[in-house]
Amino acid sequence: MWSTKVLRGLRHPSVLLLLIPFLAVGPAGTLPSPSPSNFSSSEEGDSNVHASDKHPETFQVFTVDYSHVQVPFEIALWIMLASLAKLAFHWSSRLPAIMPESCLLIMVGLLVGGAIYGVRNTPPPTLSADVFFLFLLPPIILDAGYFLPGRVFFENLGTIMLYAMPGTLWNTLGIGFSLYGLCLVVPGEALKELSLFHCLQFGSLISAVDPVAVLSVFEEMHVNEQLHILVFGESLLNDATALVLYRLFESFLRMPTLTGFDVLLGAFEVLAVGTGGVLVGIFFGLVAALVTRFTARAQVIAPLFVFLFSYLCYLTSEMLHISGFFAIMTCAVSMKQYVEANISEKSHTTIKYFLKMWSSVSETLIFIFLGVSTIQDEHMWNWPFVTCTLLLCLLWRAMGVLILTACINRVRHNHVTFRDQFIIAYGGLRGAICFSLVFLMDDFPLKKLLITTTITEVLFTVFVQGMTIKPLVELLEVSKKSEECSLGLEIHCRVLDHLIAGIEEVVGYSGQHHWKEKFDHFNTKYLRKILVRPDKRPKSSLVRLYQKLERRDQRREEERKDEEGVAESPQTPRVLLPEEMNSIRKILANNLHNFNRRCSTLEYGATYSRHRLNPEFLMDRNTTVTPASHHPLYRPVSLADHMRPTLSTQWEHEYEDRDSNGRRLSQSLTACNTTDGALSSPNGPAELHPDTGTDDSAAPGSSSQDQEQNCRRSTSTTSRGPKKLSFVFENEKNRK
């Protein structure tokens, strides 16, 4: 328990409840073991003290045993504090317009850390690296990977990897060598103890762009999908690369001598760590999808397999010292489409909301602990080193983005604009990853200087860059997020994908659309047959997309009703009045009549194409055409014919040919459009008019004028009495 003096100094019970976790957590950031010796009383003879080693002499009705529930009680209080801070931010109407959510959470952490320091006169607890990397970070990466827009991500995967891997190496080497040069130039002995590998190790951790900070800022701005996926995808892969480089330089520091072969092995280790993480992630993702195939009779535990296999994937990667970032993100991306096909709608909703809740709580705790850990007993400050670090981080990142974008734009069809490049360079926010890595460095005299510089860099990027990036996006008029996916848009995109893939196949070029077609074929033929239940396999991918969009719209409608507080009530259909039904009949009849007239005009009277003619009507080039035998192919239709309710258009095409005896043969093609759609032609079958009962095909000796008069006569007879359209509604059938 606490000392009696401290208890007497606290008057308000709310303050006492708030400070319980902070007073009990040790200075190393780890929770102490609940042993009774840690909670012994400071005054002898106090009757309210809980003595765990002695049996009470009298019967006690009420006792307090905080040591028994210390760890879960403190965790619950931390989560409650984080949730209340997040709730207050969203209920405020002015704060979201001024600052991002991460800034407010760090400020809350600063206030809590100051309160702890003022009460205990000792530094508040810091966020341990094990707690951060093993418990708080995995749900954030899992949520980002599971709900990652796959199409946009894989279309920009080359650019993202270029920013994340060569770009991170560029920033690490640039910042590290620049800081080492600064240590040699600055007079005095203050910075002489920083070696080259210390500067390179610090450059690797300070180059890590935090996906938590980036995600919290960019989701509020609603920028376009390409810019969002470039920044967020780069921050995910950037952390994995920075962590590998950090461990590589840490190994170099601990080696007594370093050779060129060791450097070559270090470069090979970087590739092995990244590739191993991807392979482990794919393996666990496919196993999770296969297990969910057999959960038809136990849908309740289907979401549990998603969480367990993802977390086991991350822990296995950390155990094997490969990239856990790559592993858990690859696992989430690879299993998503198969898991969603196997599980029910309720299970999908459970996965979605649990992941969102879990990642949101972790993100909030991380930012609050950042503020709490900033309040330290001693800070080592050096103006040249701190200010140069801030400037070098901005300079080297901006140069790297400009150079790499200039290279990638040579092969990209959709270029990254200069405005997007500026936002990518300016949006490199630092957060808890570099803050945790700097505490993991081996102890040496200038470690406190690196900790102070890291804290300053985190606060500068989150507050200054995070608060000014939204006005800069509006000032530069960066394109916003377009309308969401629809069935028509997806069909259009797939048609273009098939078209481009066919063109690549014809020209012999193996581009991204070619490999996408190969993977889709392999996925449909093999993977989906193994990993998806037979009753969950739609025959068409468009049907699957339609079902997905229907579920999305249904969930959004339910969320909207929940936000507005609208209660769902069954709506009974209203019986239509006779006047309303008559009005609907007239509207339908007029629309159908106009549609038929428009189609008749477009099909017979307003278009002409020589490709529709029968080849036997084309003239022989060797035949000599005399002026007397030449007739126009198309006779214009008068305005009066266009204005008639039933349109009649005619084509007269006469051609000449000679038989073997040299005699001239003359035939005419006459087309007559009636309401029945009859088309009379010498090449087509003869049809009888229902009104006249005569054949439209004239006798061989009849002239074209007689055929034209017969066609007009039949048209006028059919247009005298328009056909009546009748519509019978369901309610009228029920009445009958």
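These lines cover the structure that appears in this document, whether it is placed above or below. Keep in mind that what you see is a predicted model, and the values were worked out from it rather than measured.

**Digging into the overall build of the protein**
When helices and strands are counted, the protein shows 27 helices and 2 strands. Taken across its 736 residues, the protein has 41% of its residues classed as buried. Contacts spanning at least 24 positions in sequence make up 76% of the contacts within the protein whose residues lie at least 6 apart. Summing over all exposed atoms, the protein offers an accessible surface of approximately 41900 Å²; the carbon and sulfur share of this is 62%.

**Quick notes on the side chain of K86**
Of note, K86 is situated in helix α4 (residues 70-91). Of the polar contacts made by the side chain of K86, one reaches the side chain of E101; its length is 2.2 Å. Excluding anything up to four places from it in sequence, K86 contacts E101, L105, S360 and T364.

**As for the environment of L437**
Residue placement: L437 occurs in helix α19 (residues 432-439). On the accessibility criterion, L437 (2% relative accessible area) is buried. A sequence separation of 309 residues divides L437 from S128, and the C-alpha atoms of the two residues are 9.8 Å apart. When sequence neighbours within four positions are dropped, the list of residues in contact with L437 reads F133, L205, L243 and Y246.

**Observations regarding the packing of helix α7 (residues 129-146) against helix α16 (residues 345-374)**
Following both chains from N to C, one finds α7 and α16 inclined at 135°, their axes separated by 9 Å at the closest point. With respect to each other, α7 and α16 are oriented oblique. α16 is crossed by α7, and the crossing has left-handed handedness. Contacts from F132, F135, L136, P139, I140, L142, D143 and Y146 of α7 reach α16 at I351, L355, K356, W358, S359, S362, E363, L365 and I366. Grouping the amino acids of the contact of α7 with α16 by side-chain chemistry returns 12 nonpolar, 2 polar and 3 charged.

**A few points about the packing of helix α13 (residues 260-292) against helix α15 (residues 324-342)**
Where α13 contacts α15, the axes come no closer than 7 Å and their chain directions differ by 20°. Relative to α15, the element α13 lies roughly parallel. Of the two possible hands of crossing, α13 and α15 adopt the one that is right-handed. Contacts from G274, G277, V278, G281, I282, F284, G285, L286, A288, A289 and T292 of α13 reach α15 at F326, A327, T330, C331, S334, M335, Y338, V339 and N342.

**Some details on unusual backbone geometry**
Backbone geometry at N121 places phi at a positive 60°, although glycine is not the residue there. Counting through the fold element by element, N121 comes out in the loop between α6 (101-120) and α7. At E477, a residue that is not glycine, the phi angle is positive and equals roughly 55°. With respect to the secondary-structure elements, E477 resides in the loop between α20 (447-475) and α21 (487-507). By relative accessible area, E477 is classed as exposed at 60%.

**Topic: the pattern of salt bridges**
The full count for this structure, using the stated rule, is 11 salt bridges. R151 is the salt-bridge partner of D497, the closest N and O atoms lying 2.9 Å from each other. With D497 in helix α21 and R151 in helix α8 (residues 150-155), this residue pair connects regions lying 346 residues apart in the sequence. The salt bridge partner of K447 is D443, with a shortest N-O separation of 3.2 Å. A single salt-bridge network, built from bridges that share partners, covers R151, E155 and D497.

**Considerations on the nonpolar core**
Ranked by size, the top nonpolar core spans 125 residues in total, and within it L205, F218 and F385 carry the most contacts. When residues in this core are grouped by element, the largest group, 12 residues, is from helix α12 (residues 225-254). Setting aside chain neighbours within four positions, we find F385 in contact with L179, L182, C183, L191, L194, F202, L449, L450 and T453.

**A few points about the side chain of S347**
Inspection of the secondary structure assignment puts S347 in helix α16. You can call S347 buried: its relative accessible area is 3%. A polar side-chain atom of S347 sits 3.2 Å from a polar atom in the side chain of S344. Once residues within four sequence positions are removed from consideration, S347 is found in contact with Q299, A302 and P303.

**What to know about empty space enclosed by the protein**
Overall, the coordinates contain 4 cavities of 30 Å³ or more when judged by the stated rule. There is about 70 Å³ of room inside the largest cavity. Around the largest cavity sit Y163, G167, T168, N171, E234, R397, G400, V401, L404 and I424, which together line it. Counting residues per element, the ones that place at least two in the lining of the largest cavity are α9 (157-185) and α17 (383-408). Its residues assigned to classes, the lining of the largest cavity shows 4 nonpolar, 4 polar and 2 charged.

Reading the values: the criteria
Residues numbered from 1 in each chain as written. Predicted model: local features only at pLDDT ≥ 70, side-chain atom pairs only at ≥ 80, totals over all residues. Heavy atoms only, no water. Helix = DSSP H or I, 4+ residues; strand = E, 2+ residues; numbered from the N terminus. Buried < 20%, exposed > 50% of the residue type's maximum accessible area, 1.4 Å probe, protein only. Contact = heavy atoms within 4.5 Å. Areas by Shrake-Rupley, 256 points an atom, 1.4 Å probe, with all protein chains shown as cover. Polar contact = N/O pair within 3.5 Å; in protein donor to acceptor, adjacent residues only side chain to side chain. Axes fitted to C-alpha atoms, helices over the stretch in contact; angles between N-to-C directions. Parallel < 35°, antiparallel > 145°, perpendicular 65-115°, else oblique. Left-handed = near helix turned anticlockwise from the far one by under 90°. Nonpolar A, V, L, I, M, F, W, Y, C, P; charged D, E, K, R; others polar. Salt bridge = Lys/Arg side-chain N within 4 Å of Asp/Glu carboxyl O. Core = buried A, V, L, I, M, F, W, Y, C linked by side-chain atoms within 4.5 Å. 1 Å grid on protein atoms, 1.4 Å probe; cavity = no way out; pocket = protein on both sides within 12 Å on 5 of 7 lines; lining within 4 Å. Points joined across faces, edges and corners; volume = space filled by probe spheres on them.

Any functional reading would require information beyond the geometric quantities listed.
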